[in-house]
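A structural walkthrough
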Amino acid sequence: MANSYFTDASHAALYAIFRPEYPRAVVQTIVDYLCQKRLPPFLAAADIGCGSGQSTRNLAANFESVYGVDASESQINEANAKEHLPNVHYRVGTSDNLPFEDESLELLTAAQAAHWFDLDKFYAEVNRVLKPNGVLALYGYGLPQASCPQWPESPVNCIVQQFYEEKCFWTRHRLDVKSKYENYRLPFPDWIRNDSMKIECEWSVNEYVSYMSTSSGFRRHLELHPTETDPLDDLRRSLVDALSANGRQESADALSLNVTFDVFLLMGRKPPNWGVP
């Protein structure tokens, strides 16, 4: 699960600030699915690959204890520096050796993280730590789509998509996200998929550029082209030019764009006696 793009402290701090937040409907959909076969109160859930804890904290209202696990100590430090909730706890750990007892969790989630896992090893651990009728939920968001409501013909989305194609290096892992996990299969029968939700953000140009600075694909591009002039400066300038009315240059903090991400969600339930010979 460890990946060098997310381990240094400066990147962890940016990641904590500029990653988009999932709508509340994501957690509610997962909990509703869990409630079909298990009844509350729910004792324990874990969020694997939790990063700085955005998705972990969202589970706190539904479980007595919630655990965020990440291979990056820097990300865990950022998570602990955020809003403190008494029932949320963070641990350094890996997806192929989860720090939990057998059949101790009602829910396991991985938000924008499963593409970094060795899925066979992770699924073996999922089967070990989930209680009967416990739920595994993998979810994330696809590439952003940008628009300017005041100017529907604005080329901002073309600029955004061109940057992704030219300035982001698509590893196999990130291609899985681009395809919204279309080739993923959960380890339990009758698992389901939900593609009905979206993340909607209104960001300034500078906020969007800061979000792009946290992208693993962009950071990999910089590693491969260390002498290149900072592409983020060009992106910022292009967006400002596209959004400035009547040729009047405005600041990257004053100009805004709407950014939408499609959310994808895969959920499966561990049947009673699953894997027992």
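Scroll up to find the structure this text is about.
None of these values were measured; they are calculated from a predicted model.

This part is about the nonpolar core. Counting 58 residues, the largest nonpolar core has Tyr164, Val205, Tyr208, Met212 and Leu235 as its most contacted members. Sequence-distant contacts of tyrosine 208, that is, excluding residues within four places in its chain, are made with Pro144, Val160, Tyr164, Trp203, Leu235, Leu239, Leu257 and Val259. Counting 29 residues, the second-largest nonpolar core is a separate cluster that includes Leu98, Leu108, Ala110 and Tyr184.

Moving on to the packing of aromatic side chains. Evaluated as defined, the whole model comprises 16 aromatic pairs. Arranged with centres 6.0 Å apart and planes meeting at 40°, the rings of phenylalanine 122 and tyrosine 123 form a pair that is tilted. For phenylalanine 122, a relative accessible area of 0% puts it in the buried group. For tyrosine 123, a relative accessible area of 12% corresponds to the buried category. Taking 5.4 Å as the distance between ring centres and 35° as the angle between the ring planes, the aromatic pair formed by tryptophan 203 and tyrosine 211 counts as tilted. Tyrosine 211 matches tryptophan 203 in its accessibility class, with the two residues each being buried. The structure contains a cluster of three or more aromatic residues connected by ring pairs, namely Tyr22, Tyr139, Tyr141, Trp203, Tyr208, Tyr211 and Phe261. Between arginine 220 and the ring centre of phenylalanine 169, over which it is positioned, the NZ or CZ distance is 5.7 Å. Between arginine 269 and the ring centre of tyrosine 33, over which it is positioned, the NZ or CZ distance is 4.1 Å.

A separate point is the side chain of serine 72. Considering the arrangement of structural elements, one finds serine 72 in the loop between strand S2 (65–70) and helix H4 (73–81). Given a relative accessible area of 3%, serine 72 falls into the buried group. Separated by 3.1 Å, the side chain of serine 72 and the backbone nitrogen of glutamine 75 make a polar contact.

Let us look at the pairing of strand S9 (residues 256–269). With respect to burial, S9 is a largely interior element, 10 of its 14 residues being buried. One ladder, built from seven bridges, connects strand S5 (residues 130–141) with S9; its direction is antiparallel. Bridge pairing in S9 places valine 135 opposite arginine 269. Sheet topology places strand S7 (residues 192–194) next to S9; three bridges connect them, and they run antiparallel. Looking at S9, one finds that asparagine 194 is bridged to leucine 265.

Definitions and cut-offs
- Residues numbered from 1 in each chain as written.
- Predicted model: local features only at pLDDT ≥ 70, side-chain atom pairs only at ≥ 80, totals over all residues.
- Heavy atoms only, no water.
- Core = buried A, V, L, I, M, F, W, Y, C linked by side-chain atoms within 4.5 Å.
- Buried < 20%, exposed > 50% of the residue type's maximum accessible area, 1.4 Å probe, protein only.
- Contact = heavy atoms within 4.5 Å.
- Phe/Tyr/Trp six-rings, centres within 6.5 Å; stacked < 30°, edge-to-face > 60°.
- Lys NZ or Arg CZ within 6 Å of the ring centre and 35° of its normal.
- Helix = DSSP H or I, 4+ residues; strand = E, 2+ residues; numbered from the N terminus.
- Polar contact = N/O pair within 3.5 Å; in protein donor to acceptor, adjacent residues only side chain to side chain.
- Pairing = 2+ DSSP bridges.

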